[in-house]
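# Examining the three-dimensional arrangement
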Amino acid sequence: MTSAGGSGGASPSERPAAHREDTTGEQARSANQPFTMSEIATYDEPWAADFLGDTGVLAVTERRGRLLLRSRGGERTIEVSDLPEVAYGGQGGLGDVVAGHGYDGVTNRRIYLSWAEAGPSGTGGATSGGVVGSADLLVAADGASARLDGLRVIWRQEPKVTGQGHYSHRIAVSPDGRYLFVSSGERQKMEPAQDLDNTLGTIVRLTPDGAPAPGNPFASRGGASAQIWSYGHRNVLGLAFDADGRLWATEMGPRGGDELNLIEKGANYGWPTASNGSHYDGRDIPDHRAGDGFAAPKLWWNPSISPGGLMIYSGSLFTWTGDALVPALSGSGLLRLPLAGTRAEKADYWDLGFRVREVEQGPDGSIYLLQDGPDGRLLRLTPR
């Protein structure tokens, strides 16, 4: 358990990226990339980032429980105080950060955070679960400090279970601001993903205050079911809306079978009954097939790439408007997937030689990456 409260002063956790001399392999990779990468800073186990509205401020979460704000020009980085206590360990800790709809930092300061929260211990050991909280982000007039005001938990995974994996807890705000979508991993328990009486292995649709959204497909069942939008998921680590309001998700499969899915109301995505991968011990899982009652992925990967997130490009600096960009952890790179309506295709895979945790679009259309790990770099991509 780590307390994430901070002093609000300049953060030693973000520091200018050290110069690294190119190796032969890095030079070879660079020659095949249509972009140049500039190292901006490093973080301690960064997990998520979001440019807050039109302010140009970049918020970055570190898994041990710190939220850092980088000013528009990068002149100053501050640590936000009054963060929640997080259950750090395994895949747990501080997770996503997303600005609320209409965030401007003045009249609308609402942000959303997700994290792993400790639960009671029982005969099976300590339990935990993902949660989402909302708060106002208050930044001092001189920009030297910031804090969360009125932080409250608005959603919890049900139930809390043992283990420290597959929290998912990615957040996406619908383009009209009416709904909050949250991915809820199956916590490596598998079968609950097919059980509508809990929220493990689901994507939930909520109001901005965390209540089950009206019109959810299983609302008549009541209880946890009223939150569920889709189910049969394993570990969804990327959620993003395209320009037409369709929700897409990247999902980590088992041994192989990573997926890009188009998320539709009430759909069952099959886990653990169907997957294009196999269990880690080599046991087979039936592949997705027509007529099996499950929503098949639009794209899948075997061997795995381990997608860490998802962003759909809307800028003009690159010629990729409308394309999905996927950061790859075990795949150690970045993928570009053109989208056309409800269809997707594989296009480019750029081997970067390191685990990529997050991809975000900057205000000018440049692309930012977060490298995974204790010295995770923030990198800015611009056209070559």
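Here's what I pulled together on the structure shown here. (Residues numbered from 1 in each chain as written. Predicted model: local features only at pLDDT ≥ 70, side-chain atom pairs only at ≥ 80, totals over all residues. Heavy atoms only, no water.)

### Examining the pattern of salt bridges
Opposite charge on two side chains permits pairing when their charged atoms draw close. Test applied: Counted as salt bridges are all cases of a side-chain nitrogen of Lys or Arg within 4 Å of a carboxyl oxygen of Asp or Glu. Residue exposure (1.4 Å probe, protein chains only): buried if accessible area is under 20% of the type maximum, exposed if over 50%, otherwise partly exposed.
Tallying each qualifying case throughout the model produces 22 salt bridges. The closest approach of N and O atoms between D242 and R246, which form a salt bridge, is 2.9 Å. Its relative accessible area of 10% is what places D242 among the buried residues. A cluster of three or more residues bridged by salt bridges with shared partners is formed by D44, E45, R63 and R64.

### Remarks on the layout of surface pockets
Basically, it comes down to this: Here the term cavity refers to a set of points on a 1 Å grid, laid over the protein atoms alone, in which a 1.4 Å probe fits but cannot get out; the term pocket refers to an open set having protein on both sides within 12 Å along at least five of seven lines, with lining residues being those that place an atom within 4 Å of a point. Grid points are joined across faces, edges and corners, and a volume is the space filled by probe spheres set on the points. Per the convention used, a helix needs a DSSP run of H or I reaching at least four residues, while a strand needs a run of E reaching at least two, with both numbered from the N terminus.
In this structure, the largest pocket spans a volume of roughly 1,100 Å³. Lining the largest pocket are 40 residues; nearest its centre among them are D50, F51, V173, S314 and E360. Going through the elements one at a time, strand 4 (46–51), strand 9 (94–99), strand 14 (168–173), strand 18 (236–241), strand 22 (311–312) and strand 28 (356–361) are the ones with two or more residues in the lining of the largest pocket. Residue contributions to the lining of the largest pocket peak at five residues, all from strand 18.

### Points about the sheet that holds strand 22
Short version of the rule: Two strands qualify as a pair provided DSSP detects at least 2 bridges between them.
In spatial order, the strands read 22-23-24-27; together these four strands make up an open sheet with antiparallel pairing. Each having just a single partner strand, strand 22 and strand 27 (348–351) make up the two edges of the open sheet. Pairing analysis gives four bridges linking strand 24 (residues 333–337) to strand 27, with the strands arranged antiparallel. Across the sheet, L335 pairs through a bridge with Y349, a residue of strand 27.

### Here's the deal with the pairing of strand 29 (residues 367–371)
With five of five residues buried, strand 29 lies mostly within the body of the structure. Pairing geometry for strand 28 and strand 29, over five bridges, is antiparallel. From the neighbouring strand, E360 faces strand 29, where its bridge partner is Y368. Joining the antiparallel neighbours strand 28 and strand 29 is a turn of five residues, in which G365 adopts a positive phi near 90°. Alignment of strand 29 against strand 30 (residues 376–383), held across four bridges, turns out to be antiparallel. Bridging across to strand 30, L369 finds its partner in L379. Between strand 29 and the antiparallel strand that follows it, strand 30, lie four residues; G373 among them carries a positive phi value of about 120°.

### With respect to the sheet that holds strand 16 (residues 202–206)
So the rule is basically this: Interaxial angles span 0 to 180 degrees and are taken between N-to-C directions of axes, which are lines fitted to C-alpha atoms, for helices over the stretch in contact.
Pairing is antiparallel in the open sheet, where four strands are placed in the order 14-15-16-17. With one partner strand each, in any of the chains shown, strand 14 and strand 17 (228–231) form the two edges of the open sheet. In this sheet, adjacent strand axes meet at a mean angle of 15° when their direction is disregarded. Where strand 16 and strand 17 come together, three bridges link them in antiparallel fashion. Looking across to strand 17, one finds that T202 is bridged to Y231.

### Considering the packing of aromatic side chains
To keep it simple, the criterion reads: Note on ring pairs: Phe, Tyr and Trp rings are taken, using the six-membered ring of Trp, and paired if centres are within 6.5 Å. Classes follow the plane angle, with under 30 degrees stacked, over 60 edge-to-face and the rest tilted.
For the structure shown, the criterion picks out eight aromatic pairs. For the ring pair F35 and W350, a centre distance of 5.3 Å and an interplane angle of 80° mean the geometry is edge-to-face. With F35 in strand 3 (residues 35–43) and W350 in strand 27, this residue pair connects regions lying 315 residues apart in the sequence. Neither residue differs from the other here; F35 and W350 are each classed as buried. Relative to W350, the ring of W320 lies with its centre 5.2 Å away and its plane at 25°, an arrangement referred to as stacked. You can see W320 sitting in the loop between strand 22 and strand 23 (324–328) and its partner W350 sitting in strand 27, a full 30 residues away along the chain. W350 shares its class with W320; the two are buried.

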